[in-house]
Amino acid sequence: LKTRIDTSIRHEYDKFLELFKAEQKRSDILHAERLEAFKLLSSKLLGLRRYCHANSAEYGARSEFEPRPDSLPKSERISLLQHHELLVRAMEERELFLSSDVREAFHDLFNKMGLGFNLELWLCSGNDPQELNAESLYNLIAEHVNNVMSALYKDLGFPEVVAPNKALKSFASLTGTG
């Protein structure tokens, strides 16, 4: 009787262990795919953020030492519409591995980028960038890029990172310069 009970317990334990291993393997694969999605999307998002910061510096009263659009690599020196298209393609390729929070953050970013499309058309027509406050719109889009990056970090279970702009603003408030 004791042997039958031991065998039964061992069988149940082995069955449970196999289920646990299968679930762990599935979880590891999902995490690896999410990490790949993060890498792909973050590279596109960082390019967009650099583009927005460069254009914000171009149209704002900023230091001549800040990066300008002509200092960006060719792959980042494209219109907002082209950045949007690259992001949409990358997102669609990995959509299965994105949470609803990340998709919502992208939706908000794309809405702000839509305003930027109109701004860039306006600017191409030779109109005054100050009339529509181009600097603020580029900063707003960059802020939404940071929101998407935060959602991606949260999705992967990474600790929240402080965006460079937030860190600078915090430092400026501490030193009394901002």
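The coordinates are above.
Computed from a prediction, not measured in an experiment: that's the story for all the values here. (Residues numbered from 1 in each chain as written. Predicted model: local features only at pLDDT ≥ 70, side-chain atom pairs only at ≥ 80, totals over all residues. Heavy atoms only, no water.)

J.: How should the overall build of the protein be read in this particular structure?
T.: For the protein, the count of helices and strands is five helices and zero strands. Looking at the 178 residues of the protein, the share that counts as buried comes to 34%. In the protein, the share of contacts with a sequence separation of at least 24, taken over all contacts with a separation of at least 6, comes to 71%. Of the roughly 11,700 Å² that the protein leaves accessible, carbon and sulfur atoms contribute 56%. (Helix = DSSP H or I, 4+ residues; strand = E, 2+ residues; numbered from the N terminus. Buried < 20%, exposed > 50% of the residue type's maximum accessible area, 1.4 Å probe, protein only. Contact = heavy atoms within 4.5 Å. Areas by Shrake-Rupley, 256 points an atom, 1.4 Å probe, with all protein chains shown as cover.)

J.: I would appreciate a short explanation of the packing of helix α2 (residues 80–94) against helix α3 (residues 100–124) in the present structure.
T.: Their axes nearest at 9 Å, the elements α2 and α3 cross at an angle of 160 degrees. When the interaxial angle is binned, α2 and α3 end up roughly antiparallel. Between α2 and α3 the crossing geometry is left-handed. Along the contact surface, α2 presents L80, L81, H83, H84, L87, V88 and M91, while α3 presents R103, F106, L109, F110, M113, G116, F117 and E120. Counted by class, the contact of α2 with α3 contains ten nonpolar, three polar and two charged residues. (Axes fitted to C-alpha atoms, helices over the stretch in contact; angles between N-to-C directions. Parallel < 35°, antiparallel > 145°, perpendicular 65-115°, else oblique. Left-handed = near helix turned anticlockwise from the far one by under 90°. Nonpolar A, V, L, I, M, F, W, Y, C, P; charged D, E, K, R; others polar.)

J.: Please explain the packing of α3 against helix α4 (residues 134–156) as it appears in this structure.
T.: Relative orientation and spacing of two packed helices are given, respectively, by the angle between their axes and the distance between those axes. For the pair α3 and α4, interaxial distance at closest approach is 9 Å and the crossing angle is 160 degrees. The orientation of α3 relative to α4 falls into the category roughly antiparallel. Considering how the two elements wind past one another, α3 and α4 form a crossing that is left-handed. For the contact of α3 with α4, the residue count by class is 17 nonpolar, three polar and six charged.

Remember that the coordinates give geometry; whether it matters functionally is a separate question.
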